[in-house]
Amino acid sequence: MFATHLRCRDCQAQYDLKMMYACPKCGGLLEVEYDQANLLNPEHILHPDSDFYGLWKFHRMLPLKDTKNIVSLGEGDTPILRADRISQTWELPIDLYLKAEMLNPSGSFKDRPSTMAVSMAKELGHKAVVVASSGNASAAVASYAARAGIQCIVFIPKSTDPGKIVQAQSYGAKVFAVDGTFSDAYDMSMKCAVEYDFPNCTSTYVNPYTVEANKTVAYEIFYQLKGNVPDYITVPIGTGPLLAGTFKGFEELLAMGLITKLPKMIGVQAQQCMPIVRAFTDGSPVLAWQEPIHTIAGGIADPLDGYTKDGETTLKVIDLCSGAMVSLTEEEIKKSTDAVEQLIGLYSEPTGAVSVGAVEKLFHENVIPAGSSVVCLVTGHGFKFTKRSFSSPSVIHTLTDLTF
Ligand SMILES: *Cc1c(COP(=O)(O)O)cnc(C)c1O
Ligand SMILES: [Zn+2]
C-alpha cells in the first residue's frame, strides 16, 4: 500500500511498480521500496486489519495497492510450537521452537510468496502466470491461480517428486517437465514470461514482489513470542528469499521501535547441493553448483546456475546479521525429519526439516551457544514426499499375535 517504486539492489536505479525482473541498466535484482515514513507505523503491526485472514492482516506492509485484488486461501498465521522433546532427546541446552510453515493451504511456506505474486498479477491485469519450481512453488502458484481464475504454466525439473506434480495438475495448471535441474526449468520460465508477458511467479528473487510476503513470518514471530526476538532463526535455503524476507520484516520491526535487537539468520542447505554454503565457508564468490545432486531435500536443491547473484543477495543478509550458513548430510536430513515427525508430531518433507538438524550441528560447532533461543522454520509438508521407505505392517489374526 505504501510501496512507491522498484529499486535496483546494485546501481540503485528506480523504476515504476510494474512486473520487472532485472535492472535494464545493470542487470541487478530489483527490490520494492516504500514510503518509509508511512510504512513504519507501529499501528500496522499492533493493530493489523482483522477483516483479513492470516498474513493479509498485514496488507499495509505489503506492495499491493488495492485489497480487492487479494487472492487468498487463508495462508500465514502458522503456529509456533515448543520443541522440548527434540532439545531433550538431542541434549541441546537451547530454547527450541518450530514454526509449522507446512500448515499453509498448499502445504508449504511457498503460499506466502505465491499469494503475493498472484495478487500482484491480478492487480496488474494479467490473465496467466508462469512459475519454475522444484515442486512446492508450482503447487502454491497453481492453487492461487485457480483461486483467481488465472491460467498457470509450470516448469519443473524432470526429477520432481510426483506428489508435487500431481498437486499442481490437480489445481488445473499446465505442467511441463524440463530435462535438467531447477536452473534449466527456471531458464525456460523466464523465456516464456518474457515472450508472452506473463508474470513470472518463481520464488527466487526474480519477481521483486514475492520476497516481500516473507516479511510476514517476522511479524508473526513477533506476536507469537510476545515481542521476544529469538537469538537465531534457521531456514532451509534454496536461493534464500525466505531468509531475506524474514530478516527484512525484523528490520522493519526494529525501525518501528517494536523490538530492540535483530535475530541472527542461519541458512541451511543439503551437502549434495550447497552453492551458498560453499561460498560462505570459503569466503569466495557464489558459483553455480555443477556436481551431480542426489538428495531427499529436493525443495532446496537449487544449483543457482545462471543467477548466482541470488546467492550473493542472501549472503549479504547473512553478513549483515552476523548469521551463518550450514549444510547437512543425507543422514542428518533423515534424522531431522524423523525428529520433527516422532518428537513433535508434525509430518514434514525432508527439505523442511533441515532447519532443525542445523541447530544440533551448530551447537556442537560452537556457533549457537547454550542458552540461546532458536526458531526453526519447518517449510514443507510430509504429504508431498512420496519416496519414503516404510515397513509393511505385520498381518495379525488374534490379539495373541501382537508384539509391541
Ligand atoms: C522453496 C523451498 C525452500 C527454500 O526457499 P527459498 O526462499 O528459495 O530459499 C525451503 N523449503 C521448502 C519446503 C521449499 O519448498
Ligand atoms: Zn541496476
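Residues numbered from 1 in each chain as written. Chains lettered and ligands numbered in written order. Predicted model: local features only at pLDDT ≥ 70, side-chain atom pairs only at ≥ 80, totals over all residues. Heavy atoms only, no water.

Condition: UniProt positions are given in the numbering used here, feature names are shortened, and annotations may be inferred rather than shown by experiment.
By the naming in an unreviewed UniProt entry, the protein goes by Threonine synthase and is assigned to Youxingia wuxianensis. Note on the protein: under the UniProt heading Sequence similarities (unreviewed entry), the record states "Belongs to the threonine synthase family." UniProt lists a comment for the protein under the heading Cofactor (unreviewed entry), and it reads "pyridoxal 5'-phosphate".

Some remarks on the pattern of salt bridges
Short version of the rule: Any carboxyl oxygen of Asp or Glu within 4 Å of a side-chain nitrogen of Lys or Arg constitutes a salt bridge here. The numbering of helices and of strands both runs from the N terminus, where a helix is a DSSP run of H or I of at least 4 residues and a strand a run of E of at least 2. Burial status follows relative accessibility: with a 1.4 Å probe on protein chains alone, a residue under 20% of its type maximum counts as buried, one over 50% as exposed, and anything between as partly exposed.
Counting across every chain of the model gives 24 salt bridges. Lysine 99 is the salt-bridge partner of glutamate 220, the closest N and O atoms lying 2.8 Å from each other. You can see glutamate 220 sitting in helix α9 (residues 215–224) and its partner lysine 99 sitting in strand β5 (residues 95–100), a full 121 residues away along the chain. Here glutamate 220 matches lysine 99 in class, with each residue buried. With a closest N to O distance of 3.7 Å, arginine 278 and glutamate 291 form a salt bridge. Of this pair, arginine 278 sits in helix α11 (residues 275–282) while glutamate 291 sits in the loop between α11 and α12 (308–320); the two residues are 13 residues apart in sequence, bridging distant segments of the chain. A relative accessible area of 39% places glutamate 291 in the partly exposed class. Overlapping salt bridges, with partners in common, bring together Arg7, Arg9, Glu31, Glu33, Glu212, Lys215, Lys248 and Glu252 in one network.

Digging into the sheet that holds strand β3 (residues 30–34)
Strand-to-strand pairing in sheets goes through backbone hydrogen bonds, with the strands running parallel or antiparallel. Heads up, the rule is: In short, DSSP must find at least two bridges between two strands for them to pair.
Pairing is antiparallel in the open sheet, where three strands are placed in the order β2-β1-β3. Strand pairing shows two members of the sheet lacking a second neighbour, β2 (14–15) and β3, which therefore form its edges.

As for the pairing of strand β12 (residues 373–378)
By the criterion of burial, β12 is predominantly enclosed, with six of the six residues buried. Both faces of β12 are covered, namely the face carrying Ser373, Val375 and Leu377 and the face carrying Val374, Cys376 and Val378. Bridge count between β5 and β12: six bridges; the pairing is parallel. Bridge pairing in β12 links aspartate 95 to serine 373. For strand β9 (residues 232–236) and β12, the ladder comprises three bridges, and the chain directions are parallel. Of the residues in β12, the one forming a bridge with isoleucine 233 is valine 375.

Considering the site of ligand 1
Our working definition: Throughout this document, a residue counts as near a molecule or strand when at least one of its heavy atoms sits within 4 Å of that molecule or strand. Think of a polar contact as two N or O atoms within 3.5 Å of one another; within protein, one of them needs to be a possible hydrogen donor and the other a possible acceptor, and neighboring residues in sequence only count if both atoms come from side chains. We get accessible surface area from the Shrake-Rupley algorithm with a probe of 1.4 Å; when it comes to residues, only the shown protein chains can shield them. We call Asp, Glu, Lys and Arg charged. Ala, Val, Leu, Ile, Met, Phe, Trp, Tyr, Cys and Pro are nonpolar, and the rest, Gly among them, are polar.
Among the 16 residues in the neighbourhood of ligand 1, the closest are listed as Lys110, Asn136, Gly238, Gly240 and Thr379. One of the backbone nitrogen or oxygen atoms of glycine 240 is found 2.8 Å away from an oxygen atom of ligand 1. One nitrogen or oxygen atom from the side chain of threonine 379 is found 2.7 Å from a nitrogen atom belonging to ligand 1. Contact with the protein chains covers 96% of the free accessible surface of ligand 1, which is 380 Å². Taken together, the residues that form the shell around ligand 1 break down as six nonpolar, eight polar and two charged.

Points about the coordination of the zinc ion (ligand 2)
Filter applied, for reference: The donor set comprises N, O and S atoms within 2.8 Å of the metal, extended to 3.2 Å for Na, K and Ca; water molecules are omitted, so apparent gaps in a site may simply reflect that omission. Key to geometry: four donors with every angle between 85 and 135 degrees are tetrahedral; four donors are square planar and six octahedral where opposite donors lie over 155 degrees apart and all remaining angles lie between 65 and 115; all other sites are irregular.
Protein ligation of the zinc ion (ligand 2) involves Cys8 (SG), Cys11 (SG), Cys23 (SG) and Cys26 (SG), the donor distances falling in the range 2.3 to 2.4 Å. Around the zinc ion (ligand 2) sit four donor atoms, and with donor-metal-donor angles ranging over 99 to 116° the site reads as tetrahedral. Mapped onto the sequence, the residues coordinating the zinc ion (ligand 2) show the spacing C-x2-C-x11-C-x2-C. Taken together, the residues span a long stretch of sequence, with cysteine 11 in the loop between β1 (3–8) and β2 and cysteine 23 in the loop between β2 and β3 at a distance of 12 residues. The exposure class of cysteine 11 is partly exposed, given its relative accessible area of 37%.

Remarks on the UniProt feature "domain: Tryptophan synthase beta chain-like PALP" (unreviewed entry) in the protein
Here the UniProt-annotated "domain: Tryptophan synthase beta chain-like PALP" (unreviewed entry) positions come out as residues 71–380. Helix and strand shares over residues 71–380 are 44% and 16% respectively, and the end C-alpha atoms of the span are 21 Å apart.

Quick word on the packing of aromatic side chains
How two aromatic rings sit relative to each other is set out by the distance from centre to centre and by the angle between their planes. Definition in use: Any two of the Phe, Tyr and Trp rings considered here, Trp counted by its six-membered ring, make a pair once their centres fall within 6.5 Å; the pair's planes then place it as stacked at under 30 degrees, edge-to-face at over 60, or tilted in between.
Using the criterion set out here, one finds eight aromatic pairs in the structure. Seen from their ring centres, phenylalanine 58 and tyrosine 223 are 6.4 Å apart, and the 50° between their planes marks the pair as tilted. Residue phenylalanine 58 is located in the loop between α2 (43–46) and β4 (80–82), and its partner tyrosine 223 is located in helix α9; the two are separated by 165 residues in the primary sequence. Judged by relative accessible area, which is 36%, tyrosine 223 ranks as partly exposed.

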